2 protein chains.
Amino acid sequence: MQVLAKSKPRVVIVGAGFGGLEAAKKLCGKDVQVTVIDWTNHHLFQPLLYQVATAALSPADIAAPVRAVLSECRNMDVMLAEVQSVDVDAKTVKTGDLQVSYDYLILATGSRHSYFGHPEWEPLAPGLKSLEDAIEIRRRILMAFEYAEKITDEVARRAAMTFVIVGGGPTGVEMAGAIAEIARYTLAKDFRHIDPSQARVILIEGEPRVLAAFPEDLSAKALKQLIDLGVEVRTGIHAANLTDAGLQAGDEFIACRVKVWAAGNEASFVGKSLGVERDGAGRVIVNDDLTIPGHPEVQVIGDLANFSHQTGKPLPGVSPVAMQQGRHAARNVLAMIGNHKPQRFHYFDKGRMATIGRNKAVADLRVVHLSGLPAWLAWLFVHIMFLVGFRNRLAVLFQWGWVYLTFNAGARLITRNFQAEHRPPA
Amino acid sequence: MQVLAKSKPRVVIVGAGFGGLEAAKKLCGKDVQVTVIDWTNHHLFQPLLYQVATAALSPADIAAPVRAVLSECRNMDVMLAEVQSVDVDAKTVKTGDLQVSYDYLILATGSRHSYFGHPEWEPLAPGLKSLEDAIEIRRRILMAFEYAEKITDEVARRAAMTFVIVGGGPTGVEMAGAIAEIARYTLAKDFRHIDPSQARVILIEGEPRVLAAFPEDLSAKALKQLIDLGVEVRTGIHAANLTDAGLQAGDEFIACRVKVWAAGNEASFVGKSLGVERDGAGRVIVNDDLTIPGHPEVQVIGDLANFSHQTGKPLPGVSPVAMQQGRHAARNVLAMIGNHKPQRFHYFDKGRMATIGRNKAVADLRVVHLSGLPAWLAWLFVHIMFLVGFRNRLAVLFQWGWVYLTFNAGARLITRNFQAEHRPPA
């Protein structure tokens, strides 16, 4: 696409995650021409991705087409394309076959999981960032039970019914709790040769405690709730030597078929092309106004940014940071167009929460620490409120109500790749 | 899995489609040991598959885990496996690595689309039988609009916005109507460089009229409703020479990016191993009691069976036939166990219906022919009633209500294969 020269300033937003979408909404209807570029066609509500991976929700429940979200914004283009690099001198972003030029750029391409220098582990232990990841993990979990039901070899069966989650942050804790719950409740009556409630769910965390970013009392409460669900928690231990057969956890080799990676992030490679300083995780070190050194027309936000001006440490890679930065970056663009200087960003931290299972959660709301049912209700409320789109909210409420009442996760589908579709034997 | 010898007669049902599932339900709790084998983990409500392909419904809305459907039947095993062949002499079915022996077999492995001797057309024009098919077609339709939005070449853009459906039976008519509707209503406001309502939807049918199995007056009404939606209908014409660029339809080459195949079926290859006579479409020619010659313990039902004893012609490959045959086959099994002879099958034909779009449908209810809104309401009612599972019914009603009120199909997701997941350029 050739973006024609227009009199209005051209703003390009790369990435329609929490940060990019908030920036776009803030610029909706303003006197700028905006192009939003994303490599998928949907905004993804990542905090609920683990529920797709564990069959409680359908992909469409937590994803909204970017075009639909922004369809009323007549000053906006949406482009489905994968940005490979930014040329800050030519003021263009490059996708596979097209170049898009900008007057102002907001870069919000986020992060992927990081395997600590072992990219070969990724197919063995998928992480949880995209719908495709979630569908693949769901397939592996459900297939493990199917396999266990069919085989008679006790050792192989036990390995098939052992699930290891590497990483005890919010995603790891949520995955561990959710797998334990579907094994104990949802699948309990479905099999004849195995007892799904005998499944082992093992959570491995390198730090001395789970939810290391939370206050210590909440870590302890989360640990207790995980143990109540039957999750085996191993802290202070690193995973190593991943193979199809299992993985090494400290001194022990755990035979397991399904491994899920929730242990670390690495910023999107697009940041590299900016030519400015990055941290060890690949994040772009931004100025206190979110711009990059030497190029005030370029702002970097969300998981791709290392913003350390407030606490001396980088802000965490969570959606509230990305959303606040998105809105701030949009305001900065409007300020710069009006010949004002971009403003210093300040993160307003409302706390954090993680859910473990039915009526089980922890919430650090700054003024108060909650756990158990109150935390879980707070978690429900916040996640429903922030879900994009009225339809998604209603659909998710409906699914949750159903699962809550019946213990029956509806989206227990094993789907394959189209290419792997069934063919008669040659 | 080794199926241990039990005192109860062992019944194996292969295929958990409409026929197999009805047979299983009929045997639930009876004094037989039943194993249901399917190569997916879900029963699929195929009549609504086109709504997944056109983004109105999510996969989980029209699929129910087979295990969940049968979980209360303590005399039943469910096995996720792909049956390759039947050994009628040894009374076993063979999957990849396992053999399962039976006293009575109900074979209901259905059909796939047939490309009239051109299997190389399948990747170019997917048919619509499985969830994977539907997700792939959805991806292609949505990607075509994304591509058209990006490019400037007018010829390529026009080809991207031309959708050809090959086959004017119920599936083809439903697909054509649904694509025309999402282009005209759902996507209308989402793009800036193209007008989705200008998309061409072309339906090609080899017979002189669409819905050739319906009475002539309803074919004519369906044609009118398709034309009202802007679908171009070409009858008496065969598709040929499919390529990425398009296809030949009679004298004309139609440049089109997306092609959908709804032109013919071919019975599952499993029937071949029975060693009995089959028809040109690979269907097993069954006795008037659904058994096969020489093996009364083997019954073949649904799309895999050619049952011509009632009208002189094979019964159509529709769900009511499969369901009635499934129940009949189960009754036959129980009769044979009680040393009675299997009974002759009689199909009770309640008519047929096809939907074209919002308020648009035709229904041949034998005593009365309906079209337009009354037919559409009848279609809605029947499809909701027969959807498996209370949750699915509510979820589909919710989605349909939403789409009806807002014209906004919620499941507009483009998902990729896990393997094709994004990686940084090397």
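Throughout, residues of each chain are indexed from 1 in the direction in which the sequence is written. All chains are assigned letters beginning at A, and all ligands numbers beginning at 1, according to the order in which they are written. Totals for whole chains, interfaces and linings use all residues, but because this is a predicted model, local features are given only for residues with pLDDT of at least 70 and pairs of side-chain atoms are given and counted only at 80 or more. Heavy atoms throughout the structure, all of them, feed into the side-chain values; hydrogens and water do not.

### Describing the overall build of chain A
Keep this limit in mind: The way it works is that DSSP assigns letters per residue, a run of H or I at least four long becomes a helix, a run of E at least two long becomes a strand, and they are numbered from the N terminus. Our radius of gyration is a C-alpha quantity, and the globule rule it is checked against amounts to 2.2 Å times the number of residues to the power 0.38. Between buried and exposed lies partly exposed: a residue is buried under 20% and exposed over 50% of the maximum accessible area for its type, with that area taken using a 1.4 Å probe on protein chains only. Only heavy atoms matter for contacts: two residues are in contact if any of them lie within 4.5 Å across the pair. Methods summary: accessible areas were calculated by the Shrake-Rupley approach with a probe of 1.4 Å, and residue burial reflects only the protein chains presented. His is not counted, nor are the chain ends, whereas Lys and Arg count as positive and Asp and Glu as negative. Here the site of a charge means NZ on Lys, CZ on Arg, CG on Asp, or CD on Glu.
Per the secondary structure count, chain A includes 10 helices and 25 strands. Its C-alpha atoms give chain A a radius of gyration of 22 Å, near enough to 22 Å, the size a compact globule of 426 residues would have. Overall size of chain A, expressed as C-alpha extent along the three principal axes, is 70 × 60 × 40 Å. Here chain A holds 426 residues, and the buried ones make up 58% of them. Sequence-distant contacts, at least 24 apart, represent 63% of the contacts inside chain A between residues at least 6 apart. Carbon and sulfur atoms provide 54% of the accessible area of chain A, an area that totals close to 16,600 Å². Each charge class in chain A can be summarised by its mean position, and for the 46 positive and 43 negative side chains these summaries are 5 Å apart.

### With respect to the sheet that holds strand E24 (residues 360-364) of chain B
What holds strands together in a sheet is hydrogen bonding between their backbones, with the strands either parallel or antiparallel. All names here are of chain B. Inclusion rule: Paired strands, in this sense, are two strands between which DSSP finds at least two bridges. The convention used is that axes are lines fitted to C-alpha atoms, helices contributing only their stretch in contact, and that angles between N-to-C directions extend from 0 to 180 degrees.
One open sheet accounts for three strands, arranged E23-E24-E25; its pairing is antiparallel. The sheet is open, and its two borders are formed by strand E23 (352-357) and strand E25 (369-371), each paired with just one other strand. The mean inter-strand angle of the sheet, taken between neighbouring strand axes irrespective of direction, is 5°. Bridge count for E24 against E25 is three bridges, and the pairing is antiparallel. Bridged to Ala363 within E25 is Leu370. Helix H7 (residues 216-228) contacts E23, E24 and E25 of the sheet and is inclined by roughly 170° relative to E24.

### Observations concerning the interface of chain A and chain B
When the parts come together, some accessible area is lost, and that loss is often what is quoted as the size of the interface. In plain terms, the rule: Note: buried area is the sum, over both parts, of the accessible area (probe 1.4 Å) each one loses when the two are combined. Salt-bridge detection follows one rule: a side-chain nitrogen of Lys or Arg within 4 Å of a carboxyl oxygen of Asp or Glu. Polar contacts here mean pairs of N or O atoms no more than 3.5 Å apart (in protein, one a potential hydrogen donor and the other a potential acceptor; neighbouring residues in sequence count only if both atoms are side-chain atoms).
Contact with chain A, which involves 70 residues of that partner, is made by 70 residues of chain B. Carbon and sulfur atoms make up 55% of the surface buried where chain A meets chain B, a total of about 6,700 Å² over both sides. Applying the counting criterion to the chain A and chain B interface returns six salt bridges. Here chain A and chain B share 16 residue pairs in polar contact (both at pLDDT 80 or more) between them. For the side of chain A that touches chain B, the secondary-structure elements that each account for two or more residues are strand E4 (63-65), helix H3 (66-69), strand E5 (76-80), helix H4 (131-150) and helix H10 (390-406) of chain A.

### Structural notes on the relation of the copies chain A and chain B
Going by this rule: The copies were overlaid with a least-squares fit restricted to C-alpha atoms from residues scoring a pLDDT of at least 70 in each copy.
For the pair chain A and chain B, the best superposition has an RMSD of 0.0 Å and corresponds to a rotation of 180° with a translation of 0.0 Å parallel to the axis. Expressed as an axis order, the relation between the two copies is that of a two-fold axis. Same-surface contact between copies: 100% of interface residues of chain A are shared with the interface of chain B.

### Brief notes about the pattern of salt bridges
Under the criterion given, the structure shown has 34 salt bridges over all chains. The residue Arg366 of chain A makes a salt bridge to Asp349 of chain A at a minimum N-O spacing of 3.3 Å. With a gap of 17 residues between them, Arg366 of chain A in the loop between strand E24 (360-364) and strand E25 (369-371) and Asp349 of chain A in the loop between helix H8 (319-337) and strand E23 (352-357) connect regions that are remote in the sequence. By relative accessible area, Arg366 of chain A is classed as exposed at 53%. Looking at Asp349 of chain A, the relative accessible area reads 21%, which means it is partly exposed. Residue Arg10 of chain B pairs with Asp103 of chain B through a salt bridge whose shortest N-O separation is 3.3 Å. Of this pair, Arg10 of chain B sits in strand E1 (residues 10-14) while Asp103 of chain B is found in the loop between strand E8 (99-101) and strand E9 (104-107), placing the two residues 93 residues apart along the sequence. One connected set of salt bridges, linked through shared partners, spans Arg200, Glu232, Arg234 and Glu252 of chain A.

### Here we look at the sheet that holds strand E2 (residues 33-38) of chain B
Residue and element names in this part refer to chain B. Taking strand neighbours across the sheet as the criterion, the six strands line up as E5-E2-E1-E9-E21-E20 in an open arrangement whose pairing is mixed. Of all strands in the sheet, those with a lone pairing partner are strand E5 (76-80) and strand E20 (291-292), marking the two edges. As paired strands, E20 and strand E21 (residues 295-300) are joined by two bridges and run antiparallel to one another. Of the residues in E21, the one forming a bridge with Ile292 is His295.

### Things to note about the environment of Arg139 of chain B
Residues and elements named next belong to chain B. Along the chain, the position of Arg139 falls in helix H4 (residues 131-150). Taking the relative accessible area as the measure of exposure, Arg139 reaches 25% and is therefore partly exposed. C-alpha of Arg139 to C-alpha of Arg412: the two residues are 273 residues apart in sequence and 8.6 Å apart in space. Not counting residues within four places of it along the chain, the set of residues in contact with Arg139 comprises Ile414 and Thr415. In this structure the side chain of Arg139 is engaged in a polar contact, spanning 3.1 Å, whose partner is the side chain of Glu136.

### Re the packing of helix H1 (residues 18-27) of chain A against H8 of chain A
All names here are of chain A. Let me state the cut-off plainly: What makes a crossing left-handed is the near helix being turned counterclockwise from the far one by less than a right angle; a clockwise turn instead makes it right-handed. Residues were grouped as follows: Ala, Val, Leu, Ile, Met, Phe, Trp, Tyr, Cys and Pro as nonpolar; Asp, Glu, Lys and Arg as charged; and all remaining residues, including Gly, as polar.
Running from amino to carboxyl end, H1 crosses H8 at an angle of 35°, the nearest separation of the two axes being 7 Å. Between H1 and H8 the crossing geometry is right-handed. Residues Phe18, Gly19, Glu22, Ala23, Lys26 and Leu27 of H1 form the contact with H8, whose own contacting residues are Ser319, Ala322, Met323, Gly326, Arg327, Ala330, Arg331 and Leu334. Counted by class, the contact of H1 with H8 contains seven nonpolar, three polar and four charged residues.

### Overview of the environment of Asn241 of chain A
For Asn241 of chain A, the location among the structural elements is in the loop between strand E14 (239-240) and strand E15 (246-249). Non-local contacts of Asn241 of chain A, meaning those with residues more than four positions away in its chain, are made with Trp121, Gly246, Leu247 and Gln248 of chain A.

### Brief notes about the packing of aromatic side chains
The condition that has to hold: Each pair of aromatic rings taken from Phe, Tyr and Trp, with Trp reduced to its six-membered ring, is defined by centres within 6.5 Å and is described as stacked if the planes are under 30 degrees apart, edge-to-face if over 60, and tilted in the remaining cases. Only when the NZ of Lys or the CZ of Arg is both within 6 Å of the ring centre and within 35 degrees of the ring normal is a charge said to sit over the ring.
A full pass over the atoms with the stated rule returns 14 aromatic pairs over all chains. Here the aromatic rings of Trp121 of chain B and Trp261 of chain B are separated by 5.7 Å at their centres, their planes lie at 55°, and the arrangement is tilted. Of this pair, Trp121 of chain B sits in the loop between strand E10 (111-113) and H4 while Trp261 of chain B is found in strand E17 (residues 258-261), placing the two residues 140 residues apart along the sequence. Overall, Trp261 of chain B belongs to the buried group, its relative accessible area being 2%. Grouped by ring-pair contacts, the aromatic residues Tyr115, Phe116, Trp121 and Trp261 of chain A constitute a single cluster. Here Arg352 of chain A stacks its cationic end above the ring of Phe214 of chain A, 5.9 Å away from the centre of that ring.

### Quick notes on helix H6 (residues 170-186) of chain A
Residue pairs spaced three or four apart in an α-helix point in one direction, given the helix's 3.6 residues per turn. Filter applied, for reference: To estimate how far a helix should reach, multiply one less than its number of residues by 1.5 Å.
Here H6 of chain A is 17 residues long and its end C-alpha atoms lie 22 Å apart, about the 24 Å a rise of 1.5 Å per residue gives. A large share of H6 of chain A lies buried, amounting to 13 of its 17 residues.

### A word on the pairing of strand E7 (residues 92-95) of chain B
Residue and element names in this part refer to chain B. Where strand E6 (residues 83-87) and E7 come together, four bridges link them in antiparallel fashion. Across the sheet, Asp87 pairs through a bridge with Thr92, a residue of E7. Here E6 hands over to E7 after four residues, with Lys91 in that stretch at a positive phi of 55°. One ladder, built from three bridges, connects E7 with E8; its direction is antiparallel. The residue of E8 that forms the bridge with Lys94 is Gln99. Where E7 hands over to E8, the hairpin turn is made up of three residues, counted between the paired strands.

### Points about the confidence of the model for chain A
Residue and element names in this part refer to chain A. Convention followed: Along the chain, pLDDT gives the predictor's confidence residue by residue, from 0 to 100.
Mean pLDDT over chain A: 91, with 95% of residues reaching 70 or higher. With pLDDT under 50 throughout, residues 418-426 is counted as low confidence; its partners more than four residues away or in other chains account for 21 contacts. Predicted complex, confidence summary: ipTM 0.85, pTM 0.89.

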